[in-house]
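# Inside the fold
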Amino acid sequence: MNRSAPTRRPRRIVAAAVAVLVVGLGAYWWSSRLPATYSMMDMGHLDTGGGAGSAAAMGHAGHGGGSASGIDIATLVPDPARVADVHYDLVARAARVQLPGVPPFDGFTLNGSTPGPTLTAAAGDLVEVRVTNADIAEGMTLHWHGVDVPNAMDGVAGVTQDAVAPGESFTYRFVVQVGTYWYHSHQVAHPQVSGGLFGALVVAPAGAGADPGVLDAVALMHTYAGVRTIDGLPGTAVRGGAPGTTVRVRVINTDPNPAPVWVAGAPFRVVAVDGRDVHEPGEVAGRSVVVTAGGRADLEMVIPKAGVRVQVAGAALGFGPGGGTEAPAPRAGLDLLHYGTPTALPFDPASAVRTFEYRIGRRYGLLDGRLGAWWTINGGIFPDVPVYLVRAGEIVTFRITNDSGEVHPMHLHGHHMLVLSRDGEPATGSPWWVDSLNVEHGVTFEVALVAGNPGVWMDHCHNLPHAAQGLMTHLMYEGYTTHFVIGGPHANHPE
């Protein structure tokens, strides 16, 4: 009599189950791996937002599929025959950086400094910037954050160009719109931006010239080696200015997290957000303004006799006698949803032909073979994320929901979005235009835009480590493609 058979049978069943589980896990692990070289045209799955279009129309085959066909975005450039109105030469270097009050660190410079030079132009100018990579081994690019450039000039390695290798140069050409912007690398973006590879771009109204009655100041916020600075200086930098002078302070947040900004010693107005004017901004006192990562806010005030100070945690700009007096951060913040007054819109959001869901979450899983708690878009871990398909000229809306447990500064390249509502509460103030939107946990925004700038555009979190951890996708126009690839001989790696 075989007494061992009943024992061996369960063991065989368990062994078979374990084998199936191991094979299944191995297949899951393998499917999460990203190729050494791939096209963003082959990532994720298309979301048409209820409008017309298909994978076949895009030549989109899904991650790991074939190449796409259509108009190459490398052709989307300004008129090559037009002579530039403004020209700059920038040289990027790896350097041992020494800033006052900041521990020395290995970082990057542009023309020998960080922040890099503040570039200026007037609205409608064709700006030409020739950047040379002296010795940054990983390569570099320049992205023109907030400027609605033609797609070939967007500066995203592996999507709109190849990374600029050591000893190489690349020339950017684009027509500028009035406003406050900044530029930064979009090749291995987090270490290069945090290490200092960025600067400001200020565009004045066309033909306006300098207003002698207004003191214009740039306030680039950045944390170097753990020290918060403004324009590379910790503490308070005094810029002068006589009492009675109007000051416009262009606050630019280059850090990965949102930052409250407040004014001590005088009331102020928020005259522009993300490069777009606020309509009839009211006077503000005793409130802070949250400037999200990548975002900008232009604050205007009149210098009182005792001076005035524009503050963030750890640094400040002072104006007038003594540079004003420090004050603690206000408890209340300014709500831009109801700030300013309404005015006519250039399009009707109610006529949108596509409505997209952009649900930000987090879950355990595999990203490129690594187990972790990764950010998700509509439940999927990169590259299993939606790619949002539009056609040129369409009006579209996005419903952006954050249920991830952390705040995310969401940045769409090449476009400005109009905020329609927050948590179902309609916007009632000035039209609130953003290219970088602060989306807190548990909050839902509805935004609208006109698809008026064809190409393949990144749509990602500007807490740059979050983008590298999967919180990144694209707004893709039907009929357009890119021949650039992630990886490849240029080792393109935008995040």
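Quick note: structure is the one above.
First, a word on what this report is: a plain description of the structure on this page.

## Notes on the pattern of salt bridges
As enumerated under the stated definition, the model contains 16 salt bridges in all. Aspartate 148 serves as the salt-bridge partner of arginine 276, at 3.4 Å between the closest nitrogen and oxygen. In this pair, arginine 276 sits in strand β17 (residues 276-277) while aspartate 148 sits in the loop between β7 (143-145) and β8 (169-175), placing the two residues 128 residues apart along the sequence. A salt bridge links glutamate 478 to arginine 391; the shortest N-O distance between them is 2.6 Å. Of this pair, glutamate 478 sits in the loop between β34 (472-477) and β35 (480-481) while arginine 391 sits in the loop between β25 (386-390) and β26 (395-402), and the two are 87 residues apart along the sequence. In this structure arginine 391 comes out as partly exposed when scored by relative accessible area, which is 33%. A cluster of three or more residues bridged by salt bridges with shared partners is formed by Asp216, Arg248, Arg250 and Asp298.

## Quick look at the sheet that holds strand β27 (residues 408-412)
In space, the six strands of this open sheet follow the order β1-β25-β34-β33-β27-β31, with mixed pairing throughout. Both edges of this open sheet fall to β1 (45-47) and β31 (436-439), since each of them pairs with a single strand only. Neighbour to neighbour, the strand axes of the sheet diverge by 25 degrees on average, direction disregarded. Examined bridge by bridge, β27 and strand β33 (residues 456-461) share three bridges and lie antiparallel to one another. In the sheet register, methionine 410 faces β33, and the bridge partner there is cysteine 461.

## Description of the pairing of β27
Summarising burial for β27: five of the five residues are buried, a large majority. Because side chains alternate across β27, one face comprises the buried residues His408, Met410 and Leu412, and the other comprises Pro409 and His411, equally buried. For β27 and β31, the ladder comprises four bridges, and the chain directions are antiparallel. Bridge pairing in β31 places proline 409 opposite asparagine 438.

## So, empty space enclosed by the protein
This model, assessed by the stated rule, comprises two cavities of 30 Å³ or more. Approximately 80 Å³ is the volume found for the largest cavity. Val273, Arg276, Asp277, Val278, Leu336, Tyr339, Ser430, Pro431, Trp432 and Trp433 are the residues that line the largest cavity. A class-by-class count of the residues in the lining of the largest cavity yields seven nonpolar, one polar and two charged. Considering only enclosed or pocket space, the second largest cavity measures out at about 40 Å³ in volume.

Calculation notes
Residues numbered from 1 in each chain as written. Predicted model: local features only at pLDDT ≥ 70, side-chain atom pairs only at ≥ 80, totals over all residues. Heavy atoms only, no water. Salt bridge = Lys/Arg side-chain N within 4 Å of Asp/Glu carboxyl O. Helix = DSSP H or I, 4+ residues; strand = E, 2+ residues; numbered from the N terminus. Buried < 20%, exposed > 50% of the residue type's maximum accessible area, 1.4 Å probe, protein only. Pairing = 2+ DSSP bridges. Axes fitted to C-alpha atoms, helices over the stretch in contact; angles between N-to-C directions. 1 Å grid on protein atoms, 1.4 Å probe; cavity = no way out; pocket = protein on both sides within 12 Å on 5 of 7 lines; lining within 4 Å. Points joined across faces, edges and corners; volume = space filled by probe spheres on them. Nonpolar A, V, L, I, M, F, W, Y, C, P; charged D, E, K, R; others polar.

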